[in-house]
Every structure is written in C-alpha cells, then in structure tokens.
Amino acid sequence: MTHWFHRNPLKATAPVSFNYYGVVTSPAASKICSDLRSSRARLLELFTDLSCNPEMMKTAADAYFSLLQGFIHSLDESSQESKLRYIQNFKWTDTLQGQVPSITEEEAKEVHRSLKIAAGIFKHLKESHIPRLITPAEKGRDLEARLLEAYIVQCQAEAQEVTIARAIELKHAPGLIAALAYETANFYQKADHTLSSLEPAYSAKWRKYLLLKMCFYTAYAYCYHGQTLLASDKCGEAIRSLQEAEKSFAKAEALCKEYGETKGPGPTVKPSEHLFFRKLGNLVKNTLEKCQRENGFIYFQKIPTEAPQLELKANYGLVEPVPFEFPPTSAHWTPDTLAAFDLTKRPKDDSTKPKPEDVRPVKEPDIKPQKDTGCSVS
C-alpha cells in the first residue's frame, strides 16, 4: 500500500553494553549480561531487516524482554521491584522532537493483527509502566500520555482501514462499509484531538496526516451512506449525502497537498497518488451522477439543504487493542544469580542521571515503490 501510511522515523537508541564491572560476581550473572547484550542487538537488527516477519520479531522481543524482567521485577512474583531496577539507563530518540505496493489477503491479515498488537503494547505501557517512572515524562516526549494515546488510536484506525478495504473487495453491504468508514474517521479525529495541545512546530505534519485521513473516511461514509439511501428510494437524500462526500473528498485532497508541504518528522508519503485514494474520487463522482440521473427520470425528489446525520454504528469489524503482557522472566534468573549482582561494589562516581550522548538515527531500508495496484487484499 505504497504512499498510503504516514510513518514517523524509526526510533534510535544509544548502545547498551550491560557491562557491570565489579558488580557481577559469578559466571551465571555474567552470562545473563552477555545474553542481554546479544538479544538486544538481534532485536534492533530486525527493525530494519526486510526479511523479518511477525514471528521472528516476537521471538526476538520475547528473548530480550524475558531477560530484562530480572532488572524490573522481584523474582518471588511479589509487587516488589528488582534491586537492579535503577542500575541501567536507556536513551531513545523521540518521535516528534528528536511498503509494499499491494498486499495479499494473508499479508493484510498480518498487518491487521500487528496493528492491534501494537495498540495493545502502547496501551499496556501507558497504563502499567509509564506511571512507575522515576521522573514523569516531559511534555511532548514519547512516553507522555498524549502521544501514547495518539499511537493507540492511530493503530486502531489503520487496522480498520484493512477491514474496510476487505469489505469493499468482498462487496459487503454499503451500510456496513459506511458505518466502518464513519467509525474510522472518528478514530482519526480523536487521534488529532489528542495531539492538538502539542507544539505545532513538532506535531503539524502528523496532524495533517490524521486530518486528511479523517476527511477521506468521512467522504467514504457519506458515499456509501448515499448508496444505502438510494437503495431505499430516498434519492433526494442520497444526492445530498453524495454532495457531502464530494466536499469531504475535496478537503482531503487539499490536506494531502498541505501535508506534503508541511515540515516535520517522518518521510513524506503521497496519499493522493495512491490508487485507493483516486478510486474514491471516481466513485463519489459516478455515484452522484447516477443519483442525479435517476432523480431526474424517476424520483423527482427535493434535495435537502441539510446534510444527513451520520449516526452509524458498525455491528462488527471494529478494532480493539490486543491485550499485551511481557514474557515471563527468563529461567536463567535465580535467587543465586540475582545475589551475584553486588550493588555495593558499584563505582562511587556512578550516577543514575543519563550522560550526554548522541544517538545515531536508524538507517531505514529504502523500499522502492513498484507499480501501484491499489489496496488489493484478496
């Protein structure tokens, strides 16, 4: 789905060696540090590996986080924190401050599932881990509630886009497609509202993307709602609904141009050049002309001055985040292994404050767009 999704740049992280000279006092403890180092390196490699699939990513993430659990939680499964909780600082870049052209049905399912899992991870972090930070997240940083909420909602919205594309391919009832599109537009509006109080210099580009998607799916909702009205012999109301679809699509086109001209983090994609976008413009135009012809020959109904209210509820296809939990603590962690980390032997000048350090940006793979066949998921 080339040119369709806005993507903030991949986050970069400072190297972590897990070398605790003097603190580590046994071979078992030393091996945990070595395994942490290698499993973290493997996980970071996969972020830019084009051959990586969801199973590989989950395996690598579980291997790393199962080892990291010993630095976070007590081994006796109590609510106590590990004595190693504050031994290591991590440094990441921030999203704001610091694809394949078409997809098969199986790939679409993977995209849909992955986005739901991603939403669940963001939700889990927001609710269970961020409140436990020593220092609250600064405004506009990635761990701040507004950004996490925006990511949760955007993941849900983008997963529903796959559902909508699939429903269109299978020619599901226009009423269902309209309802799904309306719910998706509301998701994008909610995500934009979440970012509205952030500094425009950082958030403007991301917000333009969210707004153009909101207008695009609003146009979809009015277009398919118009088809439903026409099928119920409400031709005048159908024309008015299609006119509203035309307005929303024109707004989306204008926002696509503004998005391309707005400076900000992330590569600029070109949604208006995507076949999925252009198809909607033609669909709105052709459906409106059909309604106008039939009204002139058959129905002779008055066209309402007010746009129809879209009070649509999808009865299925709505996306909820998949509940997420970190993997169990690695079996390599034992009371003896933990005891072998002697914090009394830490260097006197050691500090929990992160040291100034440049974090190199991640070099992302350059995926060359091929011939765009649109949003094909069948």
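All values derive from a computational prediction rather than experimental measurement. (Residues numbered from 1 in each chain as written. Predicted model: local features only at pLDDT ≥ 70, side-chain atom pairs only at ≥ 80, totals over all residues. Heavy atoms only, no water.)

**Some remarks on the overall build of the protein**
Right, so step 1: When its secondary structure is counted, the protein shows nine helices and zero strands.
Right, so step 2: Its helices and strands taken in sequence order, the protein reads α-α-α-α-α-α-α-α-α from the N to the C terminus.
Right, so step 3: The buried share among the 378 residues of the protein stands at 42%. (Helix = DSSP H or I, 4+ residues; strand = E, 2+ residues; numbered from the N terminus. Buried < 20%, exposed > 50% of the residue type's maximum accessible area, 1.4 Å probe, protein only.)

**Remarks on the environment of Ser330**
Right, so step 1: You can see Ser330 is positioned in the loop between α8 (275-299) and α9 (335-339).
Right, so step 2: Ser330 sits in the buried class, given a relative accessible area of 12%.
Right, so step 3: In this view, Ser330 contacts Ser66 and Leu67; residues no more than four positions away in its chain are not counted. (Contact = heavy atoms within 4.5 Å.)

**Concerning the nonpolar core**
Right, so step 1: Among the nonpolar cores identified, the biggest contains 58 residues, and Trp206, Phe216, Tyr217 and Tyr220 are the most heavily contacted of them.
Right, so step 2: Sorting the residues of this core by element identifies α4 (145-169), α5 (174-195), α6 (200-231), α7 (235-261) and α8 as the ones contributing at least two each.
Right, so step 3: With 16 residues, the single largest contributor to this core is α6.
Right, so step 4: Membership of the second largest hydrophobic core comes to 22 residues, among which are Ala29, Leu46, Leu68 and Ile87. (Core = buried A, V, L, I, M, F, W, Y, C linked by side-chain atoms within 4.5 Å.)

**Things to note about the side chain of Asn295**
Right, so step 1: Position of Asn295 among the secondary structure elements: in helix α8.
Right, so step 2: Not counting residues up to four positions away in its chain, the partners in contact with Asn295 are Cys235, Gly236, Ile239, Phe300 and Gln301.

**Describing the pattern of salt bridges**
Right, so step 1: Evaluated as defined, the whole model comprises 17 salt bridges.
Right, so step 2: A salt bridge links Glu149 to Lys126, with the nearest nitrogen and oxygen atoms 2.7 Å apart. Of this pair, Glu149 sits in helix α4 while Lys126 is found in helix α3 (residues 105-129), placing the two residues 23 residues apart along the sequence.
Right, so step 3: Lys208 serves as the salt-bridge partner of Glu258, at 2.6 Å between the closest nitrogen and oxygen. Placement of Glu258 in helix α7 and of Lys208 in helix α6 is noted, with a sequence separation of 50 residues between them.
Right, so step 4: With a relative accessible area of 33%, Glu258 lands in the partly exposed category. (Salt bridge = Lys/Arg side-chain N within 4 Å of Asp/Glu carboxyl O.)

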